[in-house]
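# Reading the structure
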Amino acid sequence: MIQGGLVVLASDACLFVLVASALAYWTIARRHEHLRAPWREVWARPAAAGAAVVLGFFIAIALVDSIHFSTRDEAQDDVVSLLDLALESLRTHPETSYSAPFATHAYSRETVRLPDGRVHREYPRLVSGGAHLVAPTERPADIARRAVLGLALGLASGALALLGAACVERRRHGGLAAACRAIVGGRTRRPWRSLLAVGCAIALLLGLGIALAPWYHVLGTDKVGTDVLYQALKSVRTGILIGSLTTFISLPFALALGVAAGYFRGPVDDAVQYLYTTLSSIPGVLLIAAAALLLDVHMSRHADTFDSLAARADLRLLALCGILGITSWTSLCRLLRAETLKLREVEYVAAAQALGVRSPAIIRRHLLPNVMHIVMITTVLDFSGLVLAEAALTYIDIGVDPSMESWGNMINAARLELAREPAVWWSLVAALVFMFVLVLAANVFADAVRDAFDPRLRRVGAESIATLAQETSHR
Amino acid sequence: MSAYLIRRLLYALPILVGVNVITFLLFFVVNTPDDMARMQLGERHVTQEAIDKWKAERGYDRPLFWNGAASGFEQATDTLFIRSTVRLFTFDFGRSDGGRDIGGDLRQRMGPSLAIAVPVLLLQLVAALGWALVIAWLRGSRLDVASALVCVAMMSVSGLFYIIGGQYLVAKLWRLVPISGYDYGLASIKFLVLPVVIGMLIALGPNVRWYRTIFLEEMGREYVRMARAKGLSDARVLFVHVLRNALIPILTGVVVLLPSLFLGALITEAFFAIPGLGSYTIDALQAQDFAIVRTMVFLGSLLYIVGLLLTDLSYVVADPRVRLQ
Amino acid sequence: MLVVASSMIAACDGIWRGPWNNPYPAAEAGANILYTTFQERPKHLDPVSSYSENEAMITSQVYEPLVQYHFLERPYTLVPLTATAVPSAIYYDAHGQTLPVDAPDASVARAVYRISIRPGIRFQPHPAFARTADGRYRYHGEGATHVPVARAPTDFPAADTRELKAADYVYQIKRLAHPRLHSPIASLMGRYIIGLDALAARLQADVSATGFLDLRGYDFEGARVLDDYTFEITLGERYPQFVYWLAMPFFAPVPWEADRFYAEPGMAARNLTLDWYPVGTGPYLLRENNPNRRMVLARNPNFHGEAYPTEGEATDAADGLLADAGKALPFIDEIHFMLEKEDIPEWGKFLQGWYDISPIAADGFDQAIRFGPDGRPELTPEMQAKRMKLAVATQPSIVYLGFNLLDPVVGGDRPRARALRQALSIAVDIEEMISIFSNGRGIPAHGPIPPGIFGHREGTAGINRVVYDWVDGRPVRKPLARAEALMVEAGYPGGRDPATGRPLALYFDAFAFGPDYKPLFNWYRKQFAKLGVQLVVRMTDYNRFQDKMRTGTAQIYGWGWNADYPDPENFLFLLYGPHGKVKHQGENASNYASAAFDRDYLRMRSLPNGPARQALIDRMITRVRRDAPWIWGTHPQAYSLFHAWYANGKANMMARNTLKYRRLDATRRAELRQAWNRPVLTPLIVAGAALAVIVALAWRTQRRRSMRTPT
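What this report covers is the structure whose coordinates are included nearby. (Residues numbered from 1 in each chain as written. Chains lettered and ligands numbered in written order. Predicted model: local features only at pLDDT ≥ 70, side-chain atom pairs only at ≥ 80, totals over all residues. Heavy atoms only, no water.)

## Some words on the sheet that holds strand 3 (residues 79-81) of chain A
Residues and elements named next belong to chain A. Strands sit in the order 1-2-3 across an open sheet of three strands; the sheet is antiparallel. Here the strands that pair on one side only, and so sit at the sheet edges, are strand 1 (6-7) and strand 3. Bridge count between strand 1 and strand 2 (residues 68-70): two bridges; the pairing is antiparallel. Across the sheet, the residue bridging to Val-7 is His-68, located in strand 2. (Pairing = 2+ DSSP bridges. Helix = DSSP H or I, 4+ residues; strand = E, 2+ residues; numbered from the N terminus.)

Shown next as structure tokens:
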């Protein structure tokens, strides 16, 4: 069914560049003790390690979802991702409208014309949800059977992982069995227990998903019958992209301008301060709203260049990241400037200046390395705030493209669904739970990173993009 | 110090001009005055003639930045930008494109916005301080661990959930407060209870964690050990000395928020039908009412500048090592 | 201190008396007040520029045009309101000779409406009419005593009234030409009313930026006062639909005193304009206009009185709609329009009894309605238990997908393009769309004219033979095979463009945003995909969409039309060639042009309803069905749900001034509200208990700690 070749959307490219630079950072960090030590501290924390596994899982989904192919077969989707192909059965078997999780019948009555011409409202059987059942009464047994199978699969892979970990730890604890006991008892140097526990939980969920999702709509379907689990999984990429790309885009500006302002002071400082004060004094929401409108106009004026829905949504996503970046750029810049101001009063910088070391060298050697921890901490701290901000912005129609799967879009649609009676709760709950897990993991991880890199960094007075989610919903 | 203050105040002027330029560019790249006229004149039977008349009445027929048709000095001054900016700087907001007096609307809508924002700020300050103090007091206990978990969980829930879920449960299912609406004076209390509680909950998680960090840091200081050595009880040290010293950084953080209170909360206001400034702004954006958008951006940035100034001043108060020039 | 405390308690008691979730002051509990909502503030309440539905909700209660639609009778008929009879025209030729009614259009040079109004009608009390002892107007011009703090007309201490005169109608017609007021119908009426454009030009020359422009001084051929109660309107051609315009607020009377009053310096800056505070003769007056919270209509003490109609449709008596026959209108004392921005809270408050009437939100539908054995909607048992009532009416409107006939692919009169359009018309399953997206609240359209409007045909005679077959006594959409055959005819076998070998790509221009549109557009793409056609949806904002329509760059678009008046002309003109959007800036957005259709249209326009007109309409509709410039789409149905205490709830899709007919049982409402809104206190208790447990835990931890020796 794939006729076209690989398609690289702009955001795919950005994501892969991001991953590549993360890897590059990792190789550099391994070689420098002052970078290695705090990371070791992060990994030593069981909670952080567990959170990292969850984050890794989400990032993996995002990456798989970022390898796109073009199809010419169907008139419907012109670009599909590897994840779409993996979830083929979820993607291509839509119902006509709402159905509850694990349902065999539609959620609302539909008008059916009986052979005698009378009109009747009834709950029709679903097209694919539980379609393999002859009678709906078999459902509980069928679900149980498949669930057990899935759990067994998950357990098996969990056990396999334990074995693998034990192999690694074998030498230190003297034997495989002892290593296993040490891991289960949580007595290893690396936090294997929490890594494995989280990994196992993911494996169990995956197992359940693999066993059940092709046969049932595990999380129900939405208004036009799209599987909610599929939507929630597709939204992972959107969330990850917004959370990470935003800071990444704005980083170079913030770093260059912030450090320059703090170091050179005088007119440079004035200019930079003017720039970021002006930008950040425009209420963030208004700036985003205006930019979103701007983009719409641009795209409708150049509609021919964006005839693929995916390309269009993709550009809008990137633009949103850029706009959010402008907002967060200013706050990071402020922080960096303040830190540089402090640093340049420190003896060794003053000494270097007295010795006639030239400014670029001082910045490279003494200032940049000493502000990097702020960059690191801001990046991880902002991540969760941005994921939440996406939902809030989409809710007031200035977020990602409505055609793009995102948790914000799901929640946005769900506000109408909650008013139905009985309420359609699964879209809302699915989006909130997925978002909660990602944000929780990011928060826990960010905590560890912050503690490890600078236990004392306080963000007094430095309002960051993380407050944006609050700002839109509440001050 | 005073030189610094004066310089900062002088800064405000070019910043506000810059903000205005950006607002102008953003707005008019998107919308032409023709669009605005059509928006106001309705959909049916609108002729180009009517649009031209509408624009001329409101001055939108002038060029944006440079009037080539005028002569001499007027080339730069007889433009839409200069004319409307000058009026803004004298706080003469004029009438909206829809014909209403903006100043009057602002006065009327400021009340509801403040009626939510101020209680939210105070309540969450009290609640978060209390919670953080107790947790700092019981540091290391199982309750401390549990509270850390609850805080991270509360931070990780989308604010939308609090609003949607809160309204659904408290107002619809339990019928404890009206679902939405507003009234002036004392009668507003029953409409405000739910949004205020929700607003407090949204801000609680991060603030408790932050305050706790500040308290613990403060407790590691020399004077605390001295006080302990003198035989003061743990509670007394914490609730009197530590609290007093920790209040400075906490209040510094609160000061930044003060000006932004006036702008209101967008989603809360829309969801609870509270006629504050947040929903005013969003309505104006949707109706492409440039006069209102411009005014709100202007006021927003003005308040932001005031907030920055206050923050910088509080830096000096909090940490004498920081030098302001 | 004690006094403050006790007054606080008293105030709180006032707030919390009755149900806790009562959004209104407790004092209003038993009052005869109707509560309803508005989503955005009305832009114009001046009848000269008010055109949209939400504005008409207010203006129609306050202003009284000459005629109104009968509340109960269907099809919609006009009855006199302030006029003594429904106006009809006398036709004259170029030499001033009277012509018979059926004279050919070309011979008609003038159509004169001579209108008499009823004496004794008075305006609402208003400061504009107030005079001092020496007879001068108190608040006009030099020496006027102004109240500097006044922010509403009610803030002025003095108010008075005046009798309605024919001159007030003429004054308003002149206002249509007022250059500062931008009446949306000025250019349209300029085509018909003699001398209106010339008047506009004269006014343009005399007008200043602010201040009062006294229109009484301008003599104008199109509208002339004959005596206090009689006036004449003169049209330059035959325009039988003109009488429907006379039922709209555009032709309501406006007293010159009001214009003069509001033109005083400083008034506009305080929102004191005719756009905010109307001055009318109707059953209600606008007492409070606070678009930030609520608008209040109160009974007009000077209302001339009107009786509830004594006749109606056949079923009306059985539905209890004639119980009030002959009683004096209006029944309700006050109407409170509350600001409600979101649908969900509105629906929730309606269910709790805080709103008396609610349009059913699409998603609340399943809760409220089910379809009975005969396919007719009825209320669910839960709603019936609350004794709610349902009113269903098909709206005089159509929502359609249009093809831009200037487009090289889908447009033109070529048989190939026509086959493509017909194929797509079959493929887009409107029935499914109504079922999914409007929960069955709509009727598939077979042509431009909705049911209830003359020219619409029911049954086998009314079906669109291009898209439907008549099977077993009902229309059935033609099988997809037929559409596929048409695609072959169109030159796109299997939906593929032979030129490229790829699926044919079509472009759909839409202007909507919001949560509901993504599924809708996906659904459209699915429909087109049935024929192998790839549909690209280009979403844009409304301005850009209109730009595209004006320049003709759209290919397929979605739009709708809501009738101004119940005449087929108001729908068929959407396809009249000389109304083409691109060439003539008209309302024919598809730019459909057929010489035969246009000829028939012109004849149909001036015929009275009857077999001759029906035959012409049938011919026109058959032609447009074949040419398929639109995928005919839906005639939406309005379902409104109201509570047991709300009477005379019949929906009238043409009349907006219906609030005067409605009646409330306020005592019953107060009882039911009380019963439905008992607060659930358990969660509060549980929360309190949880808090207590946590405090206790904290206390215990501390105790334990202090037991141990401090480290």
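## Examining the sheet that holds strand 9 (residues 284-290) of chain C
Residues and elements named next belong to chain C. Strand order in the open sheet made by the four strands is 1-11-10-9, with mixed pairing throughout. At either end of the open sheet lies a strand with only one pairing partner, and these are strand 1 (33-38) and strand 9. Direction aside, neighbouring strands of the sheet carry axes that sit 20 degrees apart on average. Bridge analysis of strand 9 against strand 10 (residues 294-299) gives six bridges, and the strand direction is antiparallel. Directly across from Leu-286, in strand 10, lies its bridge partner Leu-297. (Axes fitted to C-alpha atoms, helices over the stretch in contact; angles between N-to-C directions.)

## Regarding the interface of chain B and chain C
In this complex, chain B contributes 58 residues to the contact, which on the side of chain C involves 64 residues. Summed over both partners, the interface of chain B with chain C buries about 5400 Å², with 51% contributed by carbon and sulfur atoms. The interface formed by chain B and chain C contains one salt bridge. Between Asp183(B) and Arg293(C) there is a salt bridge, with its nearest N and O atoms 3.4 Å apart. Residue contributions to the side of chain B that touches chain C peak at six residues, all from helix 6 (residues 102-137) of chain B. Of the residues contributing to the side of chain B that touches chain C, the split by class is 26 nonpolar, 14 polar and 18 charged. (Contact = heavy atoms within 4.5 Å. Buried area = accessible area lost by both parts, 1.4 Å probe. Salt bridge = Lys/Arg side-chain N within 4 Å of Asp/Glu carboxyl O. Nonpolar A, V, L, I, M, F, W, Y, C, P; charged D, E, K, R; others polar.)

## Section: the pattern of salt bridges
All names here are of chain C. One pass over the full model with this rule turns up 54 salt bridges over all chains. Linking Arg-224 and Asp-219 is a salt bridge whose minimum nitrogen-to-oxygen distance equals 3.8 Å. According to the relative accessible area criterion, Arg-224 is partly exposed, its value standing at 38%. Owing to a relative accessible area of 52%, Asp-219 belongs among the exposed residues under this scheme. Each of the salt bridges in this network shares a partner with another, and the network as a whole consists of Asp-413, Arg-418, Arg-626 and Asp-627. (Buried < 20%, exposed > 50% of the residue type's maximum accessible area, 1.4 Å probe, protein only.)

## Some points on the pairing of strand 23 (residues 630-642) of chain C
All names here are of chain C. Burial analysis of strand 23 places 13 of its 13 residues in the buried class, the great majority of the element. Pairing of strand 12 (residues 357-359) with strand 23 involves three bridges; the strand directions are antiparallel. What sits directly across from Ser-358, in strand 23, is Leu-641. In this structure, strand 15 (residues 389-394) lies alongside strand 23, joined through six bridges in antiparallel fashion. Note that in strand 23 the partner of Ala-393 across the bridge is Ala-638. Here strand 16 (residues 397-403) runs beside strand 23; their pairing, made up of three bridges, is antiparallel. Its bridge partner being in strand 23, Leu-401 is matched across the sheet by Ile-631. Bridge count between strand 17 (residues 442-444) and strand 23: three bridges; the pairing is antiparallel. When the sheet's bridge partners are listed, Pro-444 is paired in strand 23 with Thr-634.

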